[in-house]
Each structure stands twice: as structure tokens, then as C-alpha cells.
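Notes for the structure review
Now for the letters of each chain:
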Amino acid sequence: MSQKTRNEPIRPALPVGARAEQPLTPRQIVAELDRYIVGQQDAKRAVAIALRNRWRRQQLDESLREDVLPKNILMIGPTGVGKTEIVRKVSRIIDAPLIKVEATKFTEVGYVGRDVESIVRDLVEVGISMLHGECLESVRDEAASVATQRLVDLLLEQREGAIGPNGSSPRKQAAQETDDGQDAEARRKREAAIRRRLTRQRNRLLDLLSKQKLEDEMVELEMENEVEAFISPLELNAGMSPEELHETVNEFLEGAMSRRRFRRVPVREARRILTQQEAHRLVDMDAIIEAAIKRAEQDGIVFIDELDKTITPNGDYGPDVSGEGVQRDLLPIVEGSVVMTRYGPVKTHHMLFIAAGSFHNARPSDLIPELQGRFPIRVELDSLSEDDLYAILTEPENALTRQYAELLQTEGVTIEFAEDGCREIAQFAADVNSRTEDIGARRLHTLVERVLEEASFEAPERRGERITIDAEYVRTRVGDLVSDDDLSNFIL
């Protein structure tokens, strides 16, 4: 591989917002969500349509495309019914940058707190991280190949001896000094013999590396130049002249940039470090930033949770931050504006905003009218019944019962959830939700953890055992807690 190829950065493989495969249809998006989330079909359909409309907008004539704005969604429903999970899963399905924020963390202008524009800045950072990871993965094979060649050079150099001032090893310098008195023909033969010997050694090292027979051999790496924390601090005196100040700063920068840092590591670690260094050289960060900004603008999803908490009860105002002030600060971002970030201006006009809230003590109509109009699609998520809770325990690919079974399997303990055991857990969860605060499917986490507490604690001593979680097993461990209202309030 040529030196030019090694050092030439690559640009992202796909243009901004483009995908190599055909985008999913709304029905396919809902089908993917059904694999992980039980029920809530209205919310799934609304999100699927909004995402498909993005692709449809890209197919329009450019003169009309900019005028087609996304239809933002307001999800209404109690906690624990799947609002956040729907958004999180769909962002993974379509590989879009997502930022989740809570409206209560922001403050109106003039009060100490996070600025609402930080939402957009964080989204851009997420997009850059995603695209950078994709580009690094795409060049990993090429970087690994280059890293192997560099590793061979280091091992060969280490075995031949230290490098001298003229860039050659002592053995080679001695050969050159001997050659000074010989004629040109003899010198060429000796140089050819040295090249053949080095080629044989390189091939031998490559073979050993491919067979992983040198994994424990130590090699010295020169790490990437960085300004380390141990560099002496810059000392400035008040009486310095401009010339002295200029000279002092230059000396500090030269010392910081010229400091070489070496590290001795085994070959297995050196291979990873060199591969990472080469992968970073092969990607063009400027191109990644440019593409990530456009991806955030066109494909970004902003999930604003607890929007109902910004509604001030009975319209009362006081010395604290008013909820209406937060809403008014959110309004420009949602309706479309330009936010300045460290990477340049970012437009929010075509980002998809999904807001959510339980709206127990307020109504969507209590939001300021301007913000209401920016969330034209409203979907209500249903509370979870006992059948829904049972389905959540058994149907999704990442069901809670499967997670716990796999966790304890790492200790050699086999956990089997019987149907009546799952039914009993679902019934207890529905009962506690109805008598205390309804926290939806999150109640299942508390109950399952209680049911398996003893098995989890004793798992290392019970290797090889098989435990069946049936109705009797569940009642024995949580039955008394469920029946006692005081204990349910504090423990479950």
C-alpha cells in the first residue's frame, strides 16, 4: 500500500441522509416495533407515517421540498406504557440520530439552567458520533492491514537494533562503512542480499503474526502527539514585553507538540492501538461533521418528555421559573430556527419533534396555543391491562423473563418461567398499579426482581440447578407484599 493511500482520508460512503437499502414502509416499521413493544398501535402507526413522510418529501421537486414540514407528534399516556421505548426503538430501526430530553430540565431565559438550544447541539454531537463510528467500521479491514505492516516494521526494527541518526540500524551502518572501500558492483550485491534477508524476515514475521504466535512479545510504540497534562504549565509575568511573551508562548507550544511519548505493550495490544490510529487517519473528520449536520437536520429526532410538567397549575405564577416561559423558549426550536453550534449553523425546520406527557393534572389545550399548533398529531396510549402485562413478560424478543434467564444462565443456573408464574406476576402488577400509583410495565421490573432475588443471590452456589418460576413460587415470595397496602407503597 502506498504512502499516499495510507495517509489519504476517505469521505463518508453515502451522501447525507441517503441509505443504500430501500426505506421501510409504515407497515414494516410497525412490524419491527411489534417485535419489542406490546400494543399501542395508534402511536406506532403515527410514528411510522411521520418517518415515511420524510422519505416522501425527499422525492419531491426541490422547489416544494423545503416547504413540506414534518408533522410533529404529541404522545399522551401514563408512565410506563411505552412512549419512550417506541421512539428509542424506531431510531435504531431507521438509524437516525436521537436525543431524549426532559422539558423540566430547561429554564426560561434569565434563569440559571440549560438553554433549550443545547438540545440541537447535543443532537449534532450524537449524529457526529454515529457517523464517525460508521466510517471507522467501514475502514477497519483496511486499517487492520496497514496496522499489520506497521507492526511488522516495528518488530523488524526492534530485532535488527535501534535506529541511528541517519535512519539506519547499527548493523546496516557497519555494512555501509565496510562497503566504502568496495566497488559499486560489490556494494549492489551486498545491498540486494540485505534486502532479500529483510524480505524473508518480514514474511516470517507476517506468518507468525497471522498465526498469533507473537501475541506476548513486547513492542515499543510511539503514541500520537498530544498535549499531556504533565507538561509544565505556561508561566507568564506581568512585566513581560510583547517580544518576551511571544517567545515564551512559542517555546511552550514547541515543547508541547514536539514531546514524543512511547509505550511498551504486547503485540496483541499494539495491533489494536495501531489499527485504531490508522482508522482515524483514513477518515475525514471535516466531511463527517458536514454529513452529520445534514443528517441531524434531515433525519434527527428530538424526544421531549414530561412536556405536561411545564404547564403551571391554575395559571399561577411566582418567583420560580414559569412553565409557560419554558414553552415559549421551546417554540422557536420546534417551529424551525437556526441554532449556532461549535460546528456551524444548524437548521431545525425538518427535524421531527415528538413530545410526551401523562397529562394527569393538565390537558394538551393548556399548552400555549403556538406550541399546540406545532404538534398536530396527537395519539393517546392506553393503560396496560393484566393481559398486556402478561404479553410484555412473554412476547417481545427482549422480554424481561428472557433477560433474567440469560443472566442467570451465565452462572450455570437454568430458570424456566411457567405460564402460570408469568400470569401471577402480571396479575400482581396490575393489582398494585390499580391500588397505588400506576407506573405501567415498570412495575414488572420490581416484581420480577423480588421474585428472583434469592435465586440471583445464591446463583454461584447453585450451579447446575434448574429453577421453575410457577404461580406457587411467585406467591411465596411476593404474595404478602402485594396484599399489604403499606408494604406495596414502600416496596413494590
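Anything mentioned here points back to the structure above.
The following paragraphs examine the structure supplied in this document.

Thresholds, definitions, all that
- Residues numbered from 1 in each chain as written.
- Predicted model: local features only at pLDDT ≥ 70, side-chain atom pairs only at ≥ 80, totals over all residues.
- Heavy atoms only, no water.
- Helix = DSSP H or I, 4+ residues; strand = E, 2+ residues; numbered from the N terminus.
- Expected span 1.5 Å × (residues − 1).
- Buried < 20%, exposed > 50% of the residue type's maximum accessible area, 1.4 Å probe, protein only.
- Pairing = 2+ DSSP bridges.
- Axes fitted to C-alpha atoms, helices over the stretch in contact; angles between N-to-C directions.
- Contact = heavy atoms within 4.5 Å.
- Core = buried A, V, L, I, M, F, W, Y, C linked by side-chain atoms within 4.5 Å.
- Salt bridge = Lys/Arg side-chain N within 4 Å of Asp/Glu carboxyl O.
- Left-handed = near helix turned anticlockwise from the far one by under 90°.
- Nonpolar A, V, L, I, M, F, W, Y, C, P; charged D, E, K, R; others polar.

**Regarding helix H17 (residues 419-435)**
Between its terminal C-alpha atoms H17 stretches 25 Å, which fits the 24 Å expected from 17 residues at 1.5 Å a residue. Turning to H17, its buried residues number three or more, namely Gly421, Cys422, Glu424, Ile425, Ala426, Phe428, Ala429, Ala430, Val432 and Asn433.

**A closer look at the pairing of strand S1 (residues 73-76)**
Side chains Ile73 and Met75 of S1 all project onto a buried face; the interleaved residues Leu74 and Ile76 project onto the opposite face, where all are buried too. Judged from the four bridges that link them, S1 and strand S8 (residues 352-357) form a sheet pairing that is parallel. What sits directly across from Leu74, in S8, is Ala355. Pairing of S1 with strand S9 (residues 377-380), which is carried by four bridges, proceeds in the parallel orientation. The residue of S9 that forms the bridge with Ile76 is Glu380.

**Description of unusual backbone geometry**
With phi around 55 degrees, Gln40 is a residue other than glycine that occupies positive phi space. Looking at Gln40, the relative accessible area reads 8%, which means it is buried. Even without being glycine, Glu306 reaches a positive phi, approximately 60 degrees. Note on placement: Glu306 falls in the loop between strand S5 (301-305) and helix H13 (323-335). Exposure remark for Glu306: the relative accessible area of 25% places this residue in the partly exposed category.

**Section: the sheet that holds S9**
Spatial ordering of the open sheet is given by S2-S5-S8-S1-S9, a layout of five strands whose pairing is parallel. Across the chains shown, the open sheet's two edge strands, defined by having one partner strand only, are strand S2 (98-102) and S9. Sheet twist, expressed as the average angle between the axes of neighbouring strands with direction ignored, equals 20 degrees. Strand direction decides the pairing type here: S5 and S8, joined by four bridges, are parallel. In the strand pairing of S8, Ile304 is matched with Ala355. Sitting on the sheet, helix H5 (residues 83-94) touches S1, S2, S5 and S8, and the angle it makes with S5 is about 170 degrees.

**Structural notes on the pairing of strand S7 (residues 344-347)**
As judged from the four bridges shared by strand S6 (residues 338-341) and S7, these two strands associate in the antiparallel manner. Across the sheet, Thr341 pairs through a bridge with Gly344, a residue of S7. Connecting S6 to the antiparallel partner S7 that follows it, the hairpin turn spans two residues.

**Re the environment of Arg295**
By the secondary structure assignment, Arg295 is in helix H12 (residues 285-299). Note: C-alpha distance between Arg295 and Ala96 (199 residues apart in sequence) is 7.8 Å.

**Details of the nonpolar core**
Met75, Ile354, Leu444 and Ile469 are the most contacted members of the largest nonpolar core, which has 57 residues in total. Among residues more than four places away in sequence, those in contact with Ile354 are Val47, Ile73, Met75, Val87, Ile301, Val302, Phe303, Ile304 and Phe375. With 46 residues, the next largest nonpolar core counts Ile128, Val326, Leu367 and Ile368 among its residues.

**Quick notes on the pattern of salt bridges**
Applying the stated criterion to the full structure yields 23 salt bridges. For Glu370, the salt bridge goes to Arg328, with nearest N and O atoms at 3.9 Å. Separated by 42 residues along the polypeptide, Glu370 in helix H14 (residues 369-373) and Arg328 in helix H13 bring together distant segments of the chain. Under the relative-accessibility criterion, Glu370 is labelled partly exposed at 37%. The exposure class assigned to Arg328 is partly exposed, which follows from its relative accessible area of 40%. Arg450 is the partner of Glu453 in a salt bridge, and the nearest nitrogen-oxygen pair spans 3.8 Å. Connected via shared salt-bridge partners are Glu32, Arg35 and Glu397.

**Some words on the packing of helix H3 (residues 41-58) against H5**
Where H3 contacts H5, the axes come no closer than 11 Å and their chain directions differ by 35 degrees. When you trace H3 past H5, the crossing you get is right-handed. Together, Ala43, Lys44, Val47 and Leu51 of H3 and Ile86, Val90 and Ile94 of H5 make up the contact between the two elements. When its residues are assigned to classes, the contact of H3 with H5 shows six nonpolar, no polar and one charged.

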